[in-house]
Amino acid sequence: MSKYLVTGGAGYVGSVVAAHLLEAGHEVVVLDNLSTGFREGVPAGARFVEADIREAAEHLDASYDAVLHFAAFSQVGESVVNPAKYWDNNVGGTMALLAAMRGAGVSKLVFSSTAATYGEPASTPITESMPTAPTNPYGASKLAVDHMISGECAAHGLAAVSLRYFNVAGAYGECGERHDPESHLIPLVLQVAQGRREAISVFGDDYPTPDGTCIRDYIHVADLAEAHLAALESAAPGEHLICNLGNGNGFSVREVVETVRKVTGHPIPEVMAERRAGDPAVLVASAATAHERLGWTPRRPDLAGIVSDAWEFAQARAAERAGTGA
C-alpha cells in the first residue's frame, strides 16, 4: 500500500482519481481549500485536510509516496478577465507545492495538465510534439507549470508525468461534475433535459465538419482516473513525461445533443448562436504516447455510456437538491 496526497481532491477529476486510489488499496489524503471543490465530493475513506495548496508543506512529509496535483482554477473565460488569479494560484501555488515536496523528500508527481496548452493546432489528431501556443491565461498557466516541472525533474531528479486532458465527461459512483457555474457541454445539455435550462446554445453551424458544428474528443472520467494510476507506476526519476489523454475519436456538438436526447428521452431545444472566438473546428487527441508509455487505453469510449453515467449522477444530484429544498 502506498500513501498519496491528492491536491484538489474535492473537485471533479481529483475526487474520481482519489476514489480509484482507495479502491486499489492505497492511503489517500485529500488537500483542498474548497474554493471550487465540494466537501461531499471527497470519497469515503480518504482523510480530508481543508487547506490551501500553499500550505502543503505543513501537511506533507516523507511518509508520502507521491503527489497527484489537481488544485487549479480552470475556467477559460474567467482567466481572460482575471488572469492574475490564474497566475497566482495555478503557477504560484504549484511553485509552493514543488518546494514542499523537495523539503519533505517526496519525489514523484502526477500533474493535471490540459489540451488548452496547444491553443488552436493546425491539424488533428494532436500529438505531444505539436507546438504549444495557448490562447488564454488558463492554458498558459498550465503550460508554465509544465515547464516548471521539467526544470524540477532536471535539477532535482523529480519523477513526473503531466497528463493533458481533452474533454472529460461522465461520472463515477457518487463522484461527478458539480461545477458552478457550469461550462461543459454534456452537463449543460443534461440541465436542459432536467428542465433547469430552456435550451442549449449551439455556437456556430458553419464549421468545415460533417454537420457544421465543432467536433471534440470526449473521455470518460473513469478512464482518465485509470491513466493517473498508470502514470504513478510509469514515472521515472529525472524524467518529465507528457501524455495526451483522449479517445482519439471526435463527436460533434449536434451528435452530443442527439445522444442526450436518446439517453434521457427528453427533447432538447437548440438555439443557434454566433461562433465563439477561438473555437477550432476539430480537436481530437492522439493518445499513442499514453498507450506506449503508460500501457493505457480508454475502456469506455462510447458516447452514450459517458452520457448515461453523467445523467445518472445529475438525476441523483437533483434528488438531493429536492430533498434538501436547495
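Everything discussed here concerns the structure shown above.
Residues numbered from 1 in each chain as written. Predicted model: local features only at pLDDT ≥ 70, side-chain atom pairs only at ≥ 80, totals over all residues. Heavy atoms only, no water.

A. The arrangement of the overall build of the protein in detail. A count of helical and extended segments in the protein gives nine helices and 14 strands. The C-alpha atoms of the protein give a radius of gyration of 19 Å, which matches the 20 Å a tight globule of 326 residues would have. Along the first, second and third principal axes, the C-alpha atoms of the protein reach 55 × 50 × 40 Å. Of all intrachain contacts in the protein linking residues separated by at least 6 positions in sequence, the fraction that spans at least 24 positions is 78%. Per element, the accessible surface of the protein, about 13600 Å² overall, is 51% carbon and sulfur. Each charge class in the protein was averaged separately, 23 positive and 39 negative side chains, and the resulting centres sit 1 Å apart. (Helix = DSSP H or I, 4+ residues; strand = E, 2+ residues; numbered from the N terminus. Rg over C-alpha atoms; globule rule 2.2 N^0.38 Å. Contact = heavy atoms within 4.5 Å. Areas by Shrake-Rupley, 256 points an atom, 1.4 Å probe, with all protein chains shown as cover. Lys, Arg positive; Asp, Glu negative; His and termini not counted. Charge placed at Lys NZ, Arg CZ, Asp CG, Glu CD.)

B. Spatial organisation of helix H7 (residues 253–264). Relative to the 16 Å expected for 12 residues at 1.5 Å per residue, H7 spans 17 Å between its end C-alpha atoms, a close match to the ideal helical length. Among the residues of H7, Val-253, Val-256, Val-257, Thr-259, Val-260 and Thr-264 are the ones counted as buried. When H7 is viewed along its axis, its buried side chains cluster within an angular range of 160 degrees and face the same direction. Downstream of H7 by a residue or two, Gly-265 has a phi angle that is positive, lying close to 75 degrees. (Expected span 1.5 Å × (residues − 1). Buried < 20%, exposed > 50% of the residue type's maximum accessible area, 1.4 Å probe, protein only. Arc of directions from axis to C-beta.)

C. Highlighting the pattern of salt bridges. The final tally for this structure, using the stated rule, is 14 salt bridges. Here Glu-226 ties to Arg-299 by a salt bridge, and the two come within 2.5 Å at their closest N and O atoms. Taken together, the residues span a long stretch of sequence, with Glu-226 in helix H6 (residues 221–234) and Arg-299 in the loop between helix H8 (288–294) and helix H9 (303–324) at a distance of 73 residues. Among the residues examined, Arg-299 registers a relative accessible area of 56% and is labelled exposed. Counted as one network, the salt bridges with shared partners bring together Asp-223, Glu-226, Arg-299 and Arg-300. (Salt bridge = Lys/Arg side-chain N within 4 Å of Asp/Glu carboxyl O.)

D. View of the pairing of strand E4 (residues 66–69). Across the two faces of E4 the burial is the same, with Ala-66 and Leu-68 and Val-67 and His-69 all buried. Note: strand E1 (residues 3–7) against E4, four bridges, orientation parallel. Across the sheet, residue Tyr-4 finds its bridge partner in E4, namely Ala-66. In this structure, E4 lies alongside strand E5 (residues 108–114), joined through three bridges in parallel fashion. In the strand pairing of E5, Leu-68 is matched with Val-110. (Pairing = 2+ DSSP bridges.)

E. Spatial organisation of the sheet that holds strand E12 (residues 251–252). Read across the open sheet, the three strands follow the order E12-E9-E14; overall the sheet is mixed. The open sheet has two edge strands with one neighbour each: E12 and strand E14 (282–283). Bridging between strand E9 (residues 215–216) and E14 involves two bridges; their strand directions are parallel. Within E14, the residue paired with Arg-216 across the bridge is Leu-283.

F. Structural view of the nonpolar core. By size, the foremost hydrophobic cluster in this structure holds 41 residues, and its most contacted members are Val-13, Leu-68, Leu-163, Leu-245 and Leu-294. Not counting the four nearest positions on each side in its chain, Leu-68 is found in contact with Tyr-4, Leu-5, Val-6, Thr-7, Val-17, Leu-21, Val-110, His-228 and Leu-232. (Core = buried A, V, L, I, M, F, W, Y, C linked by side-chain atoms within 4.5 Å.)

G. Looking closely at H6. With 14 residues, H6 extends 20 Å between its outermost C-alpha atoms, agreeing within 8% with the 20 Å of an ideal straight helix rising 1.5 Å per residue. Judged by how many residues are buried, H6 sits mostly within the fold: 11 of 14 residues are covered. Inspection of H6 places Val-221, Ala-222, Asp-223, Leu-224, Ala-225, Glu-226, Ala-227, His-228, Ala-230, Ala-231 and Leu-232 among the buried residues, and these make up the whole buried set.

H. Quick peek at the packing of aromatic side chains. Applying the stated criterion to the full structure yields one aromatic pair. Centre to centre, the rings of Phe-73 and Tyr-86 are 5.9 Å apart; their planes meet at 55 degrees, and the pair counts as tilted. Of this pair, Phe-73 sits in the loop between E4 and helix H2 (76–81) while Tyr-86 is found in helix H3 (residues 83–104), placing the two residues 13 residues apart along the sequence. On the accessibility criterion, Tyr-86 (0% relative accessible area) is buried. Geometry around Phe-73 places Lys-85 over its ring, the cationic atom sitting 4.4 Å from the centre. (Phe/Tyr/Trp six-rings, centres within 6.5 Å; stacked < 30°, edge-to-face > 60°. Lys NZ or Arg CZ within 6 Å of the ring centre and 35° of its normal.)

I. View of the layout of surface pockets. In this structure, the second largest pocket spans a volume of roughly 350 Å³. Along its surface, the second largest pocket is lined by 22 residues, and Glu-177, Glu-182, Pro-187, Gln-191 and Arg-196 are the ones closest to its centre. Secondary-structure elements contributing two or more residues to the lining of the second largest pocket are helix H5 (185–193) and H9. It is H9 that provides the largest number of residues to the lining of the second largest pocket, a total of five residues. Along the lines of polarity and charge, the residues of the lining of the second largest pocket split into nine nonpolar, five polar and eight charged. (1 Å grid on protein atoms, 1.4 Å probe; cavity = no way out; pocket = protein on both sides within 12 Å on 5 of 7 lines; lining within 4 Å. Points joined across faces, edges and corners; volume = space filled by probe spheres on them. Nonpolar A, V, L, I, M, F, W, Y, C, P; charged D, E, K, R; others polar.)

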